[in-house]
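Spelled out from the first residue to the last, the chains are:
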Amino acid sequence: MKAVFRKKYKAADSLTAYGMLFPAFAILSIFGVLPLLMAIGESFQDYTTKAFTFANFDYILKTPEFLKSFGNAILFTVIITALMLVLSFLFAHIVKGMHSSCGSIVKIVIYVPCLISSVATSIIFTFLLNYGGGLITSILVAMKLEPISFLTQGIWPQTVVIAVTLWCGFGYNTLVMLAGLLNIPKDYYEAAAIDGAGAFTCMIRITIPGMTNYFILMLINLITGNMQMLDIPYMITGGGPLNRTLTPALYLYNSFRDSSRTQNVTIAGALVIMVVILVINAVAFGLMRSKKSED
């Protein structure tokens with residue numbers, strides 16, 4: 001009898017669980033899976049005849065601007081990810097060592113850029129860096145120095161895009177790092193100090209291994225976000241000069257607005273970006289494996 005009741009209640013619990021999951025599954029299917037399947041179908045169709053074809057992918061993969069945009073995005077992603085991980089990790093240590101009241105103020109201040117949209121941030125930096133009368137240009141002229149065209153000259157356009165992206169996400173990533181540092185038990189450091197371990201040894205043996213999951217979270221977020229970068233290069237440089245700050249998402253945005261190109265080509269390009277991001281994330285997950293807490 002007990003076995004029968006257990007099976008009965010188990011079936012009832014399963015039915016309740018599936019019922020609670022159904023709304024989320026339905027919404028995900030309607031607004032996520034279904035549009036993706038439709039996009040895949042249209043990417044393999046001729047825009048006029050609706051016949052099956054690989055021409056859309058052949059066109060997008062042979063377009064020099066699109067390939068160059070991928071090179072730019074990979075360069076931005078590598079530099080921004082490396083700098084963000086290192087800088088936020090180091091600054092999180094500084095915030096951790098501050099007095100509680102002072103640390104709270106610092107955390108609020110560094111998080112403020114995250115509350116401002118990247119479009120508004122780009123506009124602010126554009127006014128600051130404008131060659132024709134921006135704040136920095138005015139300061140340089142007042143100091144009898146030659147003004148710099150930050151948006152067109154040398155490596156400055158790429159540097160500006162990287163700097164603005166770092167400024168927008170630094171606060172959030174620092175707080176994530178800080179949460180990871182605070183989550184490491186103090187007993188580990190006390191035991192290491194008793195054994196005579198120095199600060200560097202504690203960093204290598206305790207801190208970094210204890211924050212593996214946080215590094216993975218930030219790594220995946222940074223790779224996914226920066227490979228889809230659009231608003232900052234669009235607002236600040238427009239992808240120029242000479243497409244040096246053009247990203248795949250910005251290229252597709254321009255392609256979608258170009259009446260001479262079919263929508264199917266743009267969809268094919270979007271799927272290419274999705275596949276590349278999935279491959280990069282899969283490699284990142286393979287290289288850095290998450291660990292369960294031992295406490």
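The structure presented is a predicted model; accordingly, all values stated were derived computationally and were not measured.

Asker: Report on the overall build of the protein chain, specifying residues and quantitative values.
Answerer: From N to C terminus, the protein chain includes 13 helices and zero strands. Starting at the N terminus and walking to the C terminus, you meet the elements of the protein chain as α-α-α-α-α-α-α-α-α-α-α-α-α. Against the compact-globule benchmark of 19 Å for 295 residues, the protein chain has a radius of gyration of 25 Å, which places it well outside the compact range. Dimensions of the protein chain along its principal axes, counting C-alpha atoms only, are 75 × 65 × 30 Å. Scored against the burial criterion, the 295 residues of the protein chain give a buried share of 34%. Long-range contacts, defined as pairs at least 24 residues apart, comprise 71% of the intrachain contacts of the protein chain with a sequence gap of at least 6. For the protein chain, the exposed area adds up to about 18,100 Å²; of that, 70% sits on carbon and sulfur atoms.

Asker: Just give me the short version of the packing of helix α8 (residues 186-194) against helix α9 (residues 199-210), but keep the residues and values in it.
Answerer: Between α8 and α9, whose axes approach to 11 Å, the crossing angle comes to 150°. Here α8 lies roughly antiparallel to α9, going by the angle between them. Like other packed secondary-structure pairs, α8 and α9 cross with a definite hand, here right-handed. Between α8, through Y188, Y189 and A192, and α9, the contact on the second element is made entirely by C202, I206 and T207. Partitioned by chemical class, the residues of the contact of α8 with α9 number five nonpolar, one polar and no charged.

Asker: So what's going on with the state of the cysteines? Which residues, and what values?
Answerer: Summed over the entire model, instances satisfying the criterion amount to zero disulfides. Here C168 stays free of any disulfide, with the sulfur of C114 as its closest cysteine sulfur at 7.9 Å.

Asker: So what's going on with the nonpolar core? Which residues, and what values?
Answerer: Membership of the largest hydrophobic core comes to 57 residues, with the highest contact counts inside it found for F66, L85, V160, V164, M177 and M211. Beyond its immediate stretch of four places on either side in the chain, V160 contacts L129, F150, L151 and I236.

Asker: Go over helix α4 (residues 100-115) with me, naming the residues and quoting the values.
Answerer: Between the first and last C-alpha of α4 there are 23 Å, a value that for 16 residues agrees with the 22 Å anticipated at 1.5 Å per step. Here α4 has its buried residues at G103, V106, I110 and P113. Lining the buried residues of α4 we find α3 (64-96) and α7 (156-183).

Asker: Give a detailed account of the packing of aromatic side chains, specifying residues and quantitative values.
Answerer: Following the criterion strictly, the structure yields eleven aromatic pairs and no others. Centroid distance F89 to F215: 5.8 Å. Interplanar angle 50°. Geometry classified as tilted. Separated by 126 residues along the polypeptide, F89 in helix α3 and F215 in helix α10 (residues 212-227) bring together distant segments of the chain. Taking the relative accessible area as the measure of exposure, F89 reaches 9% and is therefore buried. Taking the relative accessible area as the measure of exposure, F215 reaches 14% and is therefore buried.

Asker: Please provide a residue-by-residue account of the side chain of N226, values included.
Answerer: With respect to the helices and strands, N226 occurs in helix α10. N226 gets classed as buried once you look at its relative accessible area, which sits at 6%. Beyond its immediate stretch of four places on either side in the chain, N226 contacts T77, I80, T81 and T165.

Calculation notes
- Residues numbered from 1 in each chain as written.
- Predicted model: local features only at pLDDT ≥ 70, side-chain atom pairs only at ≥ 80, totals over all residues.
- Heavy atoms only, no water.
- Helix = DSSP H or I, 4+ residues; strand = E, 2+ residues; numbered from the N terminus.
- Rg over C-alpha atoms; globule rule 2.2 N^0.38 Å.
- Buried < 20%, exposed > 50% of the residue type's maximum accessible area, 1.4 Å probe, protein only.
- Contact = heavy atoms within 4.5 Å.
- Areas by Shrake-Rupley, 256 points an atom, 1.4 Å probe, with all protein chains shown as cover.
- Axes fitted to C-alpha atoms, helices over the stretch in contact; angles between N-to-C directions.
- Parallel < 35°, antiparallel > 145°, perpendicular 65-115°, else oblique.
- Left-handed = near helix turned anticlockwise from the far one by under 90°.
- Nonpolar A, V, L, I, M, F, W, Y, C, P; charged D, E, K, R; others polar.
- Disulfide = S-S within 2.5 Å.
- Core = buried A, V, L, I, M, F, W, Y, C linked by side-chain atoms within 4.5 Å.
- Expected span 1.5 Å × (residues − 1).
- Phe/Tyr/Trp six-rings, centres within 6.5 Å; stacked < 30°, edge-to-face > 60°.

Geometry only, nothing functional implied.
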